[in-house]
Amino acid sequence: MQSRNITLMILLLLISIWTPILAKTLFSEDFSKGADRWNVGAGKWEVKKGEYVQSTTDTFLSSFVKEKEWDLSWIRYTLELKAMKLGGNEGWDVVFGIAKGDKVPAVKGDRNTMTFYDWNIAGWGNTRSVLRKRVKGAGSNVFEAQVGKTVENNKWYAIKIEVSPDKVVGYLNGEKGFEVKEGPAEGRIGFSLFGTSAAFDDIVVYDKDGLSVNLSEKLATFWGQIRRQK
């Protein structure tokens, strides 16, 4: 009996440590093979030294994951990436929940029919951080975040967004910026920039529920073995 309890304690400890690592990966991108899975709306986007770089400081710059690379059944997930501001006046818009069929915006007018959410980090001239949503072109600010109001040039920032239809939570460098009780019903991810050059890397989207199917099956088998040790 004591051996069984020790085994169970070890199992629970391993689950608590490994769950973030062993979550099922839905989409990942390190740009080691280029950026063929991305559609560019506007800007000069290219892979440099394994990073996805937008090098101009024009307005309304964008690049989104192609529709064929995204599964619309992914509605509960965590998005993680790192971003660096290279120049310009603002930070980045991390876009998610882009409605099916919406094209990547090249000019301001393209956004007039789009549906999506975005976390505008260091917007409004590097002064504000706001979660926003747009529904068929109509935009609104959802929450004023208390982290990411300003960002520095040439410094990597870690961005994490937990996405679901009923809740969205955002973190910058591990610090919670917002939590709202709403979210997109579906949709892919992307980036939008306004007068900023920037680099992105190490993008991963993983199952918000944590454990992958294969690992869950293994744990069920292991649990059965423990019970048989009575």
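Every value quoted in this text rests on a predicted model; they were computed, and no experiment measured them.

### As for the pairing of strand β7 (residues 92-98)
In step 1: Most of β7 sits inside the fold, with seven of its seven residues counted as buried.
In step 2: Where β7 and strand β8 (residues 116-122) come together, five bridges link them in antiparallel fashion. Bridge pairing in β8 places D93 opposite N120.

### Some details on the confidence of the model for the chain
In step 1: Here the chain shows a mean pLDDT of 86. Residues at 70 or above account for 80%.
In step 2: Per-element averaging of pLDDT across the chain places helix α3 (residues 213-227) at the bottom with 44 and strand β4 (residues 51-54) at the top with 98.
In step 3: Every residue in residues 210-223 scores below 50 in pLDDT, and together they form 18 contacts with partners more than four places removed in sequence or on other chains.
In step 4: Between residues 225-230, whose pLDDT stays under 50, and residues either more than four places distant or in other chains, the model counts six contacts.

### Brief notes about the packing of aromatic side chains
In step 1: By the definition in use, this model includes 15 aromatic pairs.
In step 2: A ring pair is formed by W119 and F178, whose centres lie 4.9 Å apart and whose planes are at 90°; its orientation type is edge-to-face. Highlighted residues: W119 in strand β8 and F178 in strand β13 (residues 175-180), separated in sequence by 59 residues.
In step 3: Taking relative accessible area as the criterion, F178 reaches 1% and is therefore assigned buried.
In step 4: A connected cluster of aromatic rings, assembled from ring pairs, spans F27, F31, W38, W45, Y52, W70, W74, Y77, F191 and F200.
In step 5: Across the ring face of W156, the terminal group of K82 is positioned such that the distance to the ring centre comes to 4.6 Å.
In step 6: Directly above the aromatic system of Y171 lies the positively charged group of K160, at a separation of 5.4 Å from the ring centroid.

What counts, and at which threshold
Counting starts from 1 at the beginning of each chain's written sequence and moves along it residue by residue. Local features in this predicted model are restricted to residues of pLDDT 70 or higher, and side-chain atom pairs are both shown and tallied only at a pLDDT of 80 or more, whereas totals for entire chains, interfaces and linings draw on every residue. Water and hydrogen atoms were dropped before computing side-chain values, which therefore reflect all heavy atoms in the structure. Only protein chains enter the accessibility calculation, which uses a 1.4 Å probe; a residue is then buried when its area is under 20% of its type maximum, exposed when over 50%, and partly exposed in between. Labels follow the DSSP assignment, with helices taken as runs of H or I lasting at least four residues and strands as runs of E lasting at least two, numbered in each case from the N terminus. Any two strands with at least two DSSP-identified bridges between them are counted as paired. A residue's pLDDT is the confidence the predictor assigns to it, expressed on a 0 to 100 scale. By definition, residues are in contact when any of their heavy atoms lie within 4.5 Å. Two rings from Phe, Tyr or Trp (for Trp, the six-membered ring) form a pair when their centres are within 6.5 Å of each other. A pair whose planes differ by under 30 degrees is stacked, one over 60 is edge-to-face, and the rest are tilted. Placement of a charge over a ring requires the Lys NZ or Arg CZ to be within 6 Å of the ring centre, with the centre-to-atom vector within 35 degrees of the ring normal.

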